[in-house]
Amino acid sequence: MLELRGFACGYGLIRAVDGLDLTAPEGMITALLGPNGAGKTSTIMAIAGQVQAQAGSVRFAGADLAGLGPAARTRLGIALAPEGRRIFPDLTVGENLLVGGYTRSSAESRATEESVLALFPRLRDRHRQRAGTLSGGEQQMLAIGRALMAGPRLLMVDELSLGLMPAMVDQCFGALLDLRRRGIAILLVEQNTHRALEVADHVTVLVSGRKAYEADGAQARQDPALVDSFLGMKEPA
Ligand SMILES: Nc1ncnc2c1ncn2[C@@H]1O[C@H](COP(=O)(O)OP(=O)(O)OP(=O)(O)O)[C@@H](O)[C@H]1O
Ligand SMILES: [Mg+2]
C-alpha cells in the first residue's frame, strides 16, 4: 500500500530523516518506534504532505506522491491521527467527525460515521459534547474516528497511548485490530514498545533519523529487550 524508498524529509536545511526504506502493507500494523527526536512524527507528517520531503520516493497504492499536497493525499486514502490529537475543542464530537469527512459526499459521510460510532461506542454517547471536555482517551478515539471519516486505506496514528489509562489504551488498540481485519494499512508510532510489539506485524526503529532496526513482529516479540535497547530504555544492569 505505502512504500518509502531512500526517503528523506526535514525542515529547510535540517534533515530529520534520511535514507529510510519503509513499507506499510494493507491489513497489517507497521510499528515505527524510536527515541524522542528520532524523526517518527516528521516521517508520518511528510507522508501526509505536511512536512517537506527532501529525497527518495513515497508511493501509495501504485502512485508516486511527489508534489501532492495534504488534501490530495487525503483523497487518495491517507489519513492521520496526529501527535497531540489536534481535535477542535470548541466543536462537538459530531462536528469534529464531519470535518474529517470533508472530502466526501454527505451519504458517504453518514455511512462512515455510523461505522466509526460502532467502532467507538463512547463517541456515540458523547456525540453532542464539546470535544474539549472529553477525557484524553475519548479525545484519542475522536482523533482516530475523525481520521477514519475520510475513508482511508492507510491510517497513521502518532503516539496512540500517550497519557492514556490502560483501559483506554486497550480500547484504542482493540480498534486498530478491528481496522486491520478490514484490510486497512496501519502505520503506528508508539512510545509504549510493549504494547506496540503485541500488535505489530512489522517493526522499524528509527534512531537519529535513520533506521536502526527492522524485523517482523514475531521476531521482534522474541526479543523485546533488543528493541528497547535501540530506544535507550534498557535498564542498567
Ligand atoms: N518544525 C520543525 N522545525 C525544525 N526542526 C524540527 C521541527 N519539527 C521537528 N524538528 C526536528 O526534527 C527532528 C525529529 O523530530 P520528530 O518530531 O520527527 O521526532 P519524533 O521521533 O516524533 O520525537 P518524539 O518521540 O519526541 O515525538 C528533531 O531533531 C526535531 O527537533
Ligand atoms: Mg513525535
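Right, let's walk through the structure included here.

The rules we used
Residues numbered from 1 in each chain as written. Chains lettered and ligands numbered in written order. Predicted model: local features only at pLDDT ≥ 70, side-chain atom pairs only at ≥ 80, totals over all residues. Heavy atoms only, no water. Core = buried A, V, L, I, M, F, W, Y, C linked by side-chain atoms within 4.5 Å. Buried < 20%, exposed > 50% of the residue type's maximum accessible area, 1.4 Å probe, protein only. Contact = heavy atoms within 4.5 Å. Helix = DSSP H or I, 4+ residues; strand = E, 2+ residues; numbered from the N terminus. Polar contact = N/O pair within 3.5 Å; in protein donor to acceptor, adjacent residues only side chain to side chain. Pairing = 2+ DSSP bridges. 1 Å grid on protein atoms, 1.4 Å probe; cavity = no way out; pocket = protein on both sides within 12 Å on 5 of 7 lines; lining within 4 Å. Points joined across faces, edges and corners; volume = space filled by probe spheres on them. Donors = N, O, S within 2.8 Å, 3.2 Å for Na, K, Ca; no water.

### Some points on the nonpolar core
Next, step 1: Judged by nonpolar contacts, the single largest core of 35 residues is most densely connected at L155, L176 and L188.
Next, step 2: Apart from the residues lying within four places of it in its own chain, the contact partners of L155 are A79, I144, A147, L148, L176, L179, I184, A185, I186 and L187.
Next, step 3: By size, the runner-up hydrophobic cluster in this structure holds 28 residues, among which are L4, C9, A48 and L154.

### What about the environment of E190?
Next, step 1: Note on placement: E190 falls in the loop between strand 8 (185-189) and helix 8 (193-199).
Next, step 2: Apart from residues no more than four positions distant in its own chain, E190 is found in contact with L32, L33, E159, L160, S161, F173 and A196.
Next, step 3: At 2.4 Å, the side chain of E190 forms a polar contact with the side chain of S161.
Next, step 4: A polar contact of 2.9 Å, which involves the side chain of E190, links it to the backbone nitrogen of N192.

### Quick word on the sheet that holds strand 1 (residues 2-11)
Next, step 1: The strand order 2-1-4-5 describes an open sheet built from four strands, whose pairing is antiparallel. Both outer strands of the open sheet, strand 2 (14-24) and strand 5 (63-64), are each paired with one neighbouring strand and no more.
Next, step 2: Bridge analysis of strand 1 against strand 4 (residues 52-60) gives seven bridges, and the strand direction is antiparallel. Bridge pairing links R5 to S57 in strand 4.

### A closer look at the side chain of Q140
Next, step 1: Mapped onto the elements of the fold, Q140 is located in helix 6 (residues 136-148).
Next, step 2: A distance of 3.2 Å separates the side chain of Q140 from the backbone oxygen of E159, its partner in a polar contact.
Next, step 3: Sequence-distant contacts of Q140, that is, excluding residues within four places in its chain, are made with R85, E159, L160, L164 and C172.

### Re the layout of surface pockets
Next, step 1: Of the volumes computed, that of the largest pocket is approximately 470 Å³.
Next, step 2: Along the walls of the largest pocket sit 20 residues, with Q50, T74, L80, P82 and R146 positioned nearest its centre.
Next, step 3: Sorting the residues of the lining of the largest pocket by element identifies helix 2 (70-76), strand 6 (78-81), helix 3 (93-100) and helix 6 as the ones contributing at least two each.
Next, step 4: The leading source of residues in the lining of the largest pocket is helix 2, at four residues.

### Overview of the coordination of the magnesium ion (ligand 2)
Tetrahedral coordination by four donors puts the ideal angle at the metal at 109.5 degrees, and octahedral coordination by six puts it at 90 or 180 degrees.
Next, step 1: The protein atoms that coordinate the magnesium ion (ligand 2) are T41 (OG1) and E83 (OE), at distances spanning 1.9 to 2.8 Å. Residue T41 is located in helix 1 (residues 40-47), and its partner E83 is located in the loop between strand 6 and helix 3; the two are separated by 42 residues in the primary sequence.
Next, step 2: Its relative accessible area of 34% is what places E83 among the partly exposed residues.

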